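Okay, here's what each chain looks like letter by letter:
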Amino acid sequence: MFLPTTIKEVRERGWDSLDVILFTGDAYIDHPAFGAAVVGRLIEAEGCRVAIVPQPNWRDDLRDFTKLGAPRLFFGVTAGAMDSMVNHYTANLRLRHDDAYTPGGRAGFRPDRAVEVYTQILKRLYPHVPVVVGGIEASLRRLAHYDYWSDALRPSILATSGADLLMYGMGEKVVGEVVRAFSNGYNAKLLRRLKQVAFLADRAYVERLDPADTIRLNSYERCTEDKRAFGANFVEEETLSNLLEPRATLVEPTGDRYVVVTPPHAVPTTEELDRAFDLPYERAPHPRYRGKGAIPAWEMIKHSVNIHRGCFGGCAFCTISAHQGKFVHSRSERSILAEVERITQMPDFRGYLSDVGAPSANMYRMGGRDKGLCARCRRPSCLHPRMCPNLDNDHGPLMALYERIRAVKGVKKAFVGSGIRYDLFDGRPYLETVVRHHTSGRLKVAPEHTEEEVLRLMRKPPFALFERLNDDFARICRREGLRYQLIPYFISSHPGCTERDMRSLSEKVLGRLHFTLEQVQDLTPTPMTLSSVMFHTGENPYTGERVYVARTQEEKRRQKGYFFASRPAERAAAGQRGQQGQPEGGPKGRGGFGPKRRPDGSPKGRAGFGPKGGMDTARKGGPGGAASAHGGTHLSDPAHNDPRESFRRKPHTKKTGR
């Protein structure tokens, strides 16, 4: 039975009141890939009566916000599986024409800054009912952050929305704790003792905190005046989020109040993760959407299975570690195989699992051998600048899982659609296994760039490892007679990347390696990432080194143009344009070819004339990325996601005598 979405459905259950009402910017799909459904089921498992209001209309008489009345405990608010600004705007700030989380893929069913809009409406209508916010948009905006869409620092979303409490990260533990803390009414003292929450407090409360377990961040106001203060805050925030046993509470002054962020929970156990995935989902969109068109995000992931959460890659542009954590927590084989068997019973299943994946496809059951060393570690990545010697990168458990999935009755093929970390390979024949048994014809990897300095700032491995992978992939395909394609992802306009770097990338990828262009990726600086901090400040907050930043839409358009310069004459022309365009410094302004509409409606914009449909870099979640596509237990789903634009290599073929 679906969670109710209307007063009629509430009454059909025999209920005369509700304990919790959730508002989400997504359509309601009752499946572990969609955060609002997971949170609803977790609350239901606490014995509460919970309903979901999907994509409420915020522009009419607000009847969607009043139709179910006031809940006994609290309202829950999420923007959905993506940050609403990433959902609405391309990397060059053009309005998107579709929304993968809406029936028919139609745009316009959620507002900009949805968490703020929904919360402000609820606080206006029900000033005495607590509002708890969560999900990717709230989670990554819990402290002062750079907002690409307004080109400014914004304070914590707690200050701009008026929410009473914020749950950040994944919700397997914190959701139940918050519900139990609310069980006898709003108790601020009890709620503030919980882990993995954030709230606004006064000076008296902050002065009572134990100084030994408190980190005082620079104030929001100081960060707006001093970019280095903002960078220093980020270093503290990222370090804390990557600790195995975090204990410190963060305090950030904002106006006359303080944003307080309690430390996150420890990594969930396998049993805790299994419990979230094993809840009684209907595994389908709510019947209210019948006849309204397919929901693209659902169509993409309905025959896929997520095998773990977390990622220890630590890529500078990725939000996964900030939201899911650096330490991988894996589901049991029992839980995974049970989900595979449920998928085989779906009426439209034809034997093909679209993805057996995760944020990174091949980190299942990986982690440190000595947990004592992990507890002392402060590195943001287990792979950069080189693989940690304590990391157990044994692919054996994952290969054994693949074999068991292949043996499930009804499964013809189980594809790996998530990106593979080729810098994790051990001595096992993992690549050969994937190519032979788990590739649909395209194998996705993410070298991101070719140049050493850019890769260093991205926290990505040397390009030589990709070239070795390319050779191994070609060799396996020739031997097996497979016409498969290797799909590498690259990024333009990352901090530190100049036009000279893009010219070198073009010469190596389009020239020497003979990849032909399909689509490309331009950086969108998303909140709470190292890349966004470098984009705003122009320097690496860890080292203080200055980095070049392509700020204007014209600069970004020129960099992106190198992906299209596939012929020698075009490359020469692009290089000439780069010399004229100050590739190493560039103008300081952000304007392109004249003002366009900004997300906030003002004409003083940054939009250029680049091609529509530029993608966003926080793509490891949502339809087309493993994180969001494979479940998030929070008030929305884990990381933003967008289908990555890519390159396509001509297929490897086995020569025959014909």
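Residues numbered from 1 in each chain as written. Predicted model: local features only at pLDDT ≥ 70, side-chain atom pairs only at ≥ 80, totals over all residues. Heavy atoms only, no water.

*Asks:* Break down the sheet that holds strand S23 (residues 485-492) for me, citing the residues and quoting the values.
*Replies:* Across the sheet, which stays open at both edges, the 3 strands sit in the order S22-S23-S25 with parallel pairing between neighbours. Two strands lie at the open edges of the sheet, namely strand S22 (442-448) and strand S25 (521-522), each paired on one side alone. With 5 bridges joining them, S22 and S23 adopt parallel strand pairing. Following the sheet pairing, Leu-443 is matched in S23 by Leu-486. (Pairing = 2+ DSSP bridges. Helix = DSSP H or I, 4+ residues; strand = E, 2+ residues; numbered from the N terminus.)

*Asks:* Describe in detail helix H23 (residues 530-537), supporting the description with residues and values.
*Replies:* The element H23 is largely enclosed, with a buried count of 8 among its 8 residues. Buried within H23 we find Leu-530, Ser-531, Ser-532, Val-533, Met-534, Phe-535, His-536 and Thr-537. Its buried side turned inward, H23 meets strand S6 (145-147), strand S7 (152-154), helix H12 (227-241) and helix H20 (452-458). Just beyond H23, the residue with positive phi is Gly-538, at close to 75°. (Buried < 20%, exposed > 50% of the residue type's maximum accessible area, 1.4 Å probe, protein only. Contact = heavy atoms within 4.5 Å.)

*Asks:* Help me get a handle on the nonpolar core, residues and values and all.
*Replies:* In globular proteins that are soluble, nonpolar side chains generally tend to be buried together. Counting 138 residues, the largest nonpolar core has Ile-43, Val-178, Phe-312, Leu-353, Ile-405 and Phe-466 as the members making the most contacts within it. Setting aside its immediate chain neighbours within four residues, Phe-466 contacts Tyr-422, Val-445, Pro-447, Leu-486, Pro-488, Leu-513 and Phe-515. Grouped together as the second largest cluster of nonpolar side chains are 38 residues, Phe-23, Leu-68, Val-133 and Val-259 included. (Core = buried A, V, L, I, M, F, W, Y, C linked by side-chain atoms within 4.5 Å.)

*Asks:* I'd like a description of the sheet that holds strand S3 (residues 50-54), backed by residues and values.
*Replies:* Here we have 9 strands laid out as an open sheet, ordered S3-S1-S4-S5-S8-S9-S12-S11-S10, and mixed in their pairing. Two strands bound the open sheet, and with one partner strand each, they are S3 and strand S10 (214-216). Neighbour-to-neighbour, the strand axes of this sheet turn through a mean angle of 25°, independent of strand direction. Both strand S4 (residues 74-78) and strand S5 (residues 131-133) contribute to a ladder of 3 bridges, which runs parallel. What sits directly across from Phe-75, in S5, is Val-131. Across the sheet, helix H8 (residues 174-182) touches S4, S5, strand S8 (165-167) and strand S9 (197-201), and the angle it forms with S8 is around 155°. (Axes fitted to C-alpha atoms, helices over the stretch in contact; angles between N-to-C directions.)

*Asks:* An account of the packing of aromatic side chains is needed here, citing residue identities and associated values.
*Replies:* Scanning the entire structure with this criterion turns up 19 aromatic pairs. On the numbers, 5.8 Å between centres and 80° between planes, the contact of Tyr-148 with Phe-535 is edge-to-face. Of this pair, Tyr-148 sits in the loop between S6 and S7 while Phe-535 sits in helix H23, and the two are 387 residues apart along the sequence. An aromatic cluster is built from Phe-23, Phe-65, Phe-75, Tyr-118 and Tyr-126, whose rings are joined through pairwise contacts. Its guanidinium or amino end placed over the ring of Phe-277, Arg-331 lies 4.0 Å from that ring's centre, counting from NZ or CZ. Residue placement shows Arg-551 over the ring face of Phe-535; its charged tip is 5.6 Å from the ring centre. (Phe/Tyr/Trp six-rings, centres within 6.5 Å; stacked < 30°, edge-to-face > 60°. Lys NZ or Arg CZ within 6 Å of the ring centre and 35° of its normal.)

*Asks:* Tell me about the packing of H12 against H23, and name the residues and values.
*Replies:* Between H12 and H23, the shortest axis-to-axis distance is 10 Å and the interhelical angle comes to 170°. Classed by the angle they form, the pair H12 and H23 counts as roughly antiparallel. Packed against H12, whose contacting residues are Lys-227, Phe-230, Gly-231 and Phe-234, the element H23 presents Leu-530, Val-533, His-536 and Thr-537 at the interface. A breakdown of the residues in the contact of H12 with H23 according to their chemical character gives 4 nonpolar, 3 polar and 1 charged. (Parallel < 35°, antiparallel > 145°, perpendicular 65-115°, else oblique. Nonpolar A, V, L, I, M, F, W, Y, C, P; charged D, E, K, R; others polar.)

The values reported here are purely geometric and, on their own, carry no functional implication.
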